[in-house]
Structures are given as structure tokens and as C-alpha cells.
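Working through the structure, step by step
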Amino acid sequence: MARPRLSTSLDTIVVLTGAGISKESGIDTFRDKDGLWSKYDIEEVATIQAFQRNPQKVLDFYNERRASFRSANIRANAAHHALGRLEQEWPGEVIVVTQNIDLLHEEGGSRKVLHMHGQAGKIRCMHCDTIIDSEMELSPASVCANCQGKGGLRPHVVWFGEIPLHMDEIGEALDRCGLFMSIGTSGMVYPAAGFVQQVRIGGVGHTVELNMEPSDGHSLFAERHYGPASEVVPSYVEKILREGW
Ligand code: BV8
């Protein structure tokens, strides 16, 4: 494994996060033993085909998750706040690329957040492409306030088979970052799971995995620390602010 080069304060840091960073905030992950995909079938609730086949079932799945994110006891944890501190105190740019659809990074103080799989708090009309913040309960009978179209309102999330958001900006950041951190993701879903490879092949960055357990792509990372995000993330942020990587 190549020795990581010394960081410079001009380095851009890219942080990829997945459901594991929000687990300690009370949001279910997908693939842990009690995770969402142990209760729901991806093909039934998280594809465009599922929405076309049975929109009510898909909308009920997201209505329930959207409502759960709004409950008062879902708060940013120490890992989210540590990344907010990193953005405030690191002299270079810090970009959080999250697969998560919650707003806990923003609550933790991160300002540059790219939600590549969309956001639970937004809805999109498939007739006029309007995207708005909305807490409304969605149904196939819901009417778009912009175009008055019916049956086209969906959560603004990226389903399997759909192209993730902000891919050009993410790719450019991966190629120039000095540090790529991957936090709380199983490394099972592409293209996010392939970002570490892109940094190793096309970029110059040092690669670090911070997770509860080794992810699918753990061997691709130059440095790995395991444990709950609320512990490993603050201590790793402390280390890079003190001495770089
Ligand atoms: C696409 C919707 C084409 C919102 C989600 C190769 C290349 C490209 C595509 C593919 C490919 N192979 C297969 C594909 C297709 C597919 C795919 O990857 N399938 C998988 C199942 C094999 N990908 C797609 O369809 C994507 N689109 O490819 O378009 C394209 C692409 C690029 C350019 C042009 C064209 C679209 C994928 C997006 C699907 N939508 N979510 C929502 O409902 O939330 S994905 C869903 O999985 C969530 O977004 C979730 O975040 C994501 C990944 O899961 P994780 O976040 O990693 O969560 P998981 O539960 O799996 O793991 C949690 C981890 O945390 C575990 O490791 C655990 O140990 C750890 N953990 C737990 N507790 C803690 C912890 N860590 C720290 N502390 C703790 N306390």
C-alpha cells in the first residue's frame, strides 16, 4: 500500500457517507440485520418500475420514512457535528457527498452537502419536473401545485436504475481531492461504491474507510478504522485537524 503523501492545507477533502452515519441518530440502515431491506423488497418500493406498477405502495413506503425523519428525536449525532467542524476548521474545501436522504449533515453544520440519492423532504412532479420542499402525504391522486397534473408527484429520491444527482461535480471533486473518506456505507450500491476506485486510479487522494465493520470494498482503502461513527469520526477529524494524514 503506497504511503499516503503529506497533506497540505490546500487539499480538498471529499467525504462519502451512507446510512451508517445516521444509525445512531435513530434512522434504520438498509442492510444491517434489522435494516430496511430486511422488511421491504427493493424491487417493490425503490424502483421506477415499482412506482409505475403500484404507486400507492411506493408512496406509502416513502410517506412513512418522510414522516419518521421529522420526529423530534431524530437529531444529528457526534459524527455529523464532527464533519461540520471539519468544514469550519479545515483551510481547504470539504465536500460531503451523501447517499442519505435525511438532513442530519446540514443540522451537524455541514454546508457543502451533495445529496446524490435525493432528499426525503422534497417532492418532484414527473409531469413538469418541479422540485419543491414539501411534507405533504403523497398519493396517486395528489395534484401538482405548479402544473395541476395528477399522479406524477413522487419523493425527490433516486431509485435503482435512475442516475444519481450531481455526478459531474462529484467526479471532478474525486479526481482532485487529497483525502477521500468513506463513512457508514456497506459499499454495495454503485456508483457510490466505485468512488474509492476512482480516487485510487484517477486521483491523488489518500483513502480512508470509517465504518462499523469492513465494507464490501474495504481492501481498496489505504487506511481503515472501525467502530461506531459517533466515536471513530470525531477522533479521525481531530487527528487530521491536528496533524493531517
Ligand atoms: C445507476 C434511494 C446508472 C433513496 C437508493 C455498477 C455501476 C453502476 C450501477 C450499477 C452497478 N452495478 C449495479 C448497478 C445498479 C444499482 C446498484 O448499485 N445495485 C446494487 C444493489 C448492486 N445502482 C443504481 O441503480 C444506481 N443508478 O447505477 O444509474 C448510472 C450510474 C452512473 C452514471 C450513469 C448511469 C442508483 C442507486 C441509488 C438507489 N437509491 N436510495 C432512499 O430510499 O433512501 S440506494 C440506498 O442504498 C440508499 O441510498 C443507501 O444509502 C444506499 C447505500 O446503502 P448504505 O448507505 O451503504 O447503507 P447499508 O445499510 O447498505 O450499509 C450501512 C453501513 O453502515 C454498513 O456497512 C454498516 O456496517 C454500517 N454501520 C451501521 N451502523 C453504523 C455503521 N457505521 C458506523 N457507525 C454505525 N453506528
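Residues numbered from 1 in each chain as written. Predicted model: local features only at pLDDT ≥ 70, side-chain atom pairs only at ≥ 80, totals over all residues. Heavy atoms only, no water.

**Focus: the overall build of the protein chain**
Applied cut-off: The helix count covers DSSP runs of H or I at least four residues long, the strand count covers runs of E at least two residues long, and both are numbered beginning at the N terminus. Radius of gyration means the value over C-alpha atoms here, while the globule rule gives 2.2 Å times the residue count to the 0.38 power. Between buried and exposed lies partly exposed: a residue is buried under 20% and exposed over 50% of the maximum accessible area for its type, with that area taken using a 1.4 Å probe on protein chains only. Residues are treated as being in contact if the distance between any of their heavy atoms lies within 4.5 Å. For the accessible areas, the method is Shrake-Rupley and the probe is 1.4 Å, while residue cover comes only from the protein chains on display.
The secondary structure content of the protein chain amounts to nine helices and nine strands. Its C-alpha atoms give the protein chain a radius of gyration of 18 Å, within 12% of the compact-globule value 18 Å for 245 residues. Across its three principal directions, the C-alpha atoms of the protein chain cover 55 × 35 × 30 Å. Here the protein chain holds 245 residues, and 50% of them are scored as buried. Long-range pairs, those at least 24 residues apart, make up 65% of the contacts in the protein chain between residues at least 6 apart in sequence. Working note: accessible area of the protein chain is about 11,500 Å², and carbon and sulfur atoms make up 52% of it.

**Looking at the pairing of strand β8 (residues 206-211)**
Test applied: Here, a strand pair is defined by DSSP locating no fewer than two bridges between the strands. Convention used here: a crossover is right-handed provided that the path from the first strand, over the helix, to the second strand proceeds clockwise when the strands point away from the viewer.
Taken across its six residues, β8 has six buried, putting it largely inside the fold. Neither face of β8 is left uncovered, since the one carrying H206, V208 and L210 and the one carrying T207, E209 and N211 both have all their residues buried. Here strand β7 (residues 179-183) pairs with β8 via five bridges, running parallel. Each bridged residue has a counterpart across the sheet, and for S182 the counterpart in β8 is E209. Viewed along the sheet, the connection from β7 through helix α8 (residues 195-202) into β8 turns out right-handed. Pairing of β8 with strand β9 (residues 223-226), which is carried by four bridges, proceeds in the parallel orientation.

**Some points on the site of the ligand**
The line we're drawing: Near is defined per residue: the residue qualifies when any heavy atom it owns lies within 4 Å of the molecule or strand. Polar contacts here mean pairs of N or O atoms no more than 3.5 Å apart (in protein, one a potential hydrogen donor and the other a potential acceptor; neighbouring residues in sequence count only if both atoms are side-chain atoms). Under the scheme applied, nonpolar residues are Ala, Val, Leu, Ile, Met, Phe, Trp, Tyr, Cys and Pro; charged residues are Asp, Glu, Lys and Arg; polar residues are all the others, including Gly.
Surveying the vicinity of the ligand reveals 36 residues, the closest of which are R31, R65, H117, T185 and S186. The contact in question runs from an oxygen atom of the ligand to an N or O atom on the side chain of R65, over 2.7 Å. Contributions of two or more residues to the shell around the ligand are made by α1 (20-23) and α4 (55-69). In terms of residue class, the shell around the ligand is made up of 17 nonpolar, twelve polar and seven charged.

**Looking at the sheet that holds strand β4 (residues 118-125)**
Stated precisely, the cut-off is as follows: For every element, the axis is a line fit to its C-alpha atoms; helices are fit only across the contacting stretch, and the angle between N-to-C directions ranges from 0 to 180 degrees.
As summarised here, the arrangement of the three strands in space is β5-β4-β6, forming an open sheet in which the pairing is antiparallel. In this open sheet, the two edge strands, each paired with only one partner strand, are β5 (131-133) and β6 (153-157). Neighbouring strand axes in the sheet, compared pairwise and without regard to direction, differ in orientation by 45 degrees on average. Sheet topology places β4 next to β5; three bridges connect them, and they run antiparallel. Each residue of the ladder has a partner; that of R124, found in β5, is I131.

**Comments concerning the pattern of salt bridges**
Basically, it comes down to this: The term salt bridge refers to a pairing of a side-chain nitrogen on Lys or Arg with a carboxyl oxygen on Asp or Glu at a separation within 4 Å.
Overall, the coordinates contain 16 salt bridges when judged by the stated rule. As a salt-bridge pair, E93 and R176 come within 3.1 Å of each other at their nearest N and O atoms. Placement of the pair is E93 in the loop between α5 (78-89) and β2 (94-98) and R176 in helix α7 (residues 167-176), with a sequence separation of 83 residues. By relative accessible area, E93 is classed as partly exposed at 33%. For R176, the salt bridge is made with E172, and the minimal N-O distance between the two is 2.5 Å. Pair noted here: R176 and E172 are both in helix α7, with a separation of four residues, about one helical turn.

**Some points on helix α9 (residues 229-243)**
Rules: Here the expected length of a helix is defined as 1.5 Å per residue gap, with one fewer gap than residues. Arc definition: it is the arc formed by the directions from the helix axis to the C-beta atoms.
Taking 1.5 Å of rise per residue, 15 residues should cover 21 Å, and α9 covers 20 Å from first to last C-alpha, within 8% of that figure. All of the buried residues along α9 are A229, V232, V233, Y236, V237 and I240. Looking down the long axis of α9, one finds its buried residues gathered within 125 degrees of arc, a one-sided arrangement. Facing away from the buried side of α9, by more than 90 degrees, are the exposed residues E231, R242 and E243. Looking at the buried positions of α9, the neighbouring elements they touch are β1 (13-17), α1, α5, β7, β8 and β9. Looking at the residues trailing α9, positive phi occurs at G244, about 75 degrees.

**Quick look at α4**
End to end, α4 covers 21 Å across 15 residues, agreeing with the expected 21 Å (1.5 Å per residue, within 8%). Buried residues of α4: V58, L59, F61, Y62, N63, R65, R66 and F69, and no others. Residues of α4 that are buried sit in contact with α2 (42-45), α3 (48-53), β4 and β6.

**Details of unusual backbone geometry**
For the peptide bond that leads from Y190 to P191, omega is 5 degrees, which places it in the cis range. Despite not being glycine, Q148 has its phi angle at roughly 65 degrees, a positive value. Position of Q148 among the secondary structure elements: in the loop between β5 and β6. We note that H166 has phi near 60 degrees; this positive angle belongs to a residue other than glycine. Looking at the element boundaries, H166 is found in the loop between β6 and α7.

In short, the description is geometric, and any link to function would need to be established separately.
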